Amino acid sequence: QVQLVESGGGLVQTGDSLRLSCAASGRTYSAYTMGMGWFRQAPGKEREFVAGISWNGASTVYSDSVKGRATISRDNAKNTVYLQMNSLKPEDTAVYYCAGRPGTVRSGLEYTYWGQGTQVTVSS
């Protein structure tokens, strides 16, 4: 089993920055084989891909909506993945989810493990 726990969400103002964290644990979790991603879901909308990172951090991918404003990173020694979000906009308001899958990073929902999510609210 793998557990993913997100933290770092909150209420911020337009233009602010936020760093989300995702702590992974579990007997079957191996940072060295797991591609990790961040997704978000706003009220009334489908869950969407935000960013992904390969197991070694060498490859990252971003959605067009956050490209240039977000940075995904990971610290495998700490089993933690981060999402730094800058220049936040009201349209970034959503529940942000961390997800993991063995193998390569994907921009779809084909992830095996999901966290419970952390709320990010950006006020205008």
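To be clear, the structure that these remarks concern was listed above.
The rules behind each value
Residues numbered from 1 in each chain as written. Predicted model: local features only at pLDDT ≥ 70, side-chain atom pairs only at ≥ 80, totals over all residues. Heavy atoms only, no water. Disulfide = S-S within 2.5 Å. Helix = DSSP H or I, 4+ residues; strand = E, 2+ residues; numbered from the N terminus. Polar contact = N/O pair within 3.5 Å; in protein donor to acceptor, adjacent residues only side chain to side chain. Contact = heavy atoms within 4.5 Å. Buried < 20%, exposed > 50% of the residue type's maximum accessible area, 1.4 Å probe, protein only. Phe/Tyr/Trp six-rings, centres within 6.5 Å; stacked < 30°, edge-to-face > 60°. Pairing = 2+ DSSP bridges. Axes fitted to C-alpha atoms, helices over the stretch in contact; angles between N-to-C directions.

In the structure shown here, the tally under the stated rule is one disulfide. Here Cys22 pairs with Cys98 through a disulfide, and the sulfurs are 2.1 Å apart. The S-S bond linking Cys22 to Cys98 shows a torsion near -75°; that makes this disulfide left-handed. Of this pair, Cys22 sits in strand S3 (residues 18-25) while Cys98 sits in strand S9 (residues 94-102), and the two are 76 residues apart along the sequence.

Right, let's talk about the side chain of Asn76 for a bit. Secondary-structure assignment places Asn76 in the loop between strand S7 (70-75) and strand S8 (80-85). Polar contacts involving the side chain of Asn76 include one to the main-chain carbonyl oxygen of Trp55, which spans 2.9 Å. Non-local contacts of Asn76, meaning those with residues more than four positions away in its chain, are made with Ala31, Tyr32 and Trp55.

As a further point, take unusual backbone geometry. The phi angle at Asn79 is positive, at roughly 50°, despite the residue not being glycine. Look at Ser87: it is not a glycine, yet its phi comes out positive at around 50°. Looking at the element boundaries, Ser87 is found in the loop between S8 and S9. Given a relative accessible area of 41%, Ser87 falls into the partly exposed group.

A separate point is the packing of aromatic side chains. Taken as a whole and assessed by the stated rule, the structure comprises five aromatic pairs. Measuring from ring centre to ring centre gives 6.1 Å for Tyr111 and Trp114, while their planes differ by 65°; the resulting arrangement is edge-to-face. With relative accessibility at 7%, the residue Tyr111 sits in the buried group. A network of ring pairs unites the aromatic residues Phe39, Phe49, Tyr111 and Trp114 as a single cluster.

Relative to S3, strand S1 (residues 3-7) runs antiparallel, the two sharing five bridges. Following the sheet pairing, Val5 is matched in S3 by Ala23. Two elements, S3 and S8, share six bridges in a ladder whose sense is antiparallel. Counted as the bridge partner of Arg19 is Gln84 from S8.

What the four strands build is an open sheet, ordered S1-S3-S8-S7; its pairing is antiparallel. Taken across any chain shown, the strands that pair with only one partner, and hence form the sheet edges, are S1 and S7. Pairwise comparison of adjacent strand axes, ignoring direction, gives a mean angle of 15° for this sheet. Inspection of the sheet shows S7 paired to S8 by six bridges, in the antiparallel sense.

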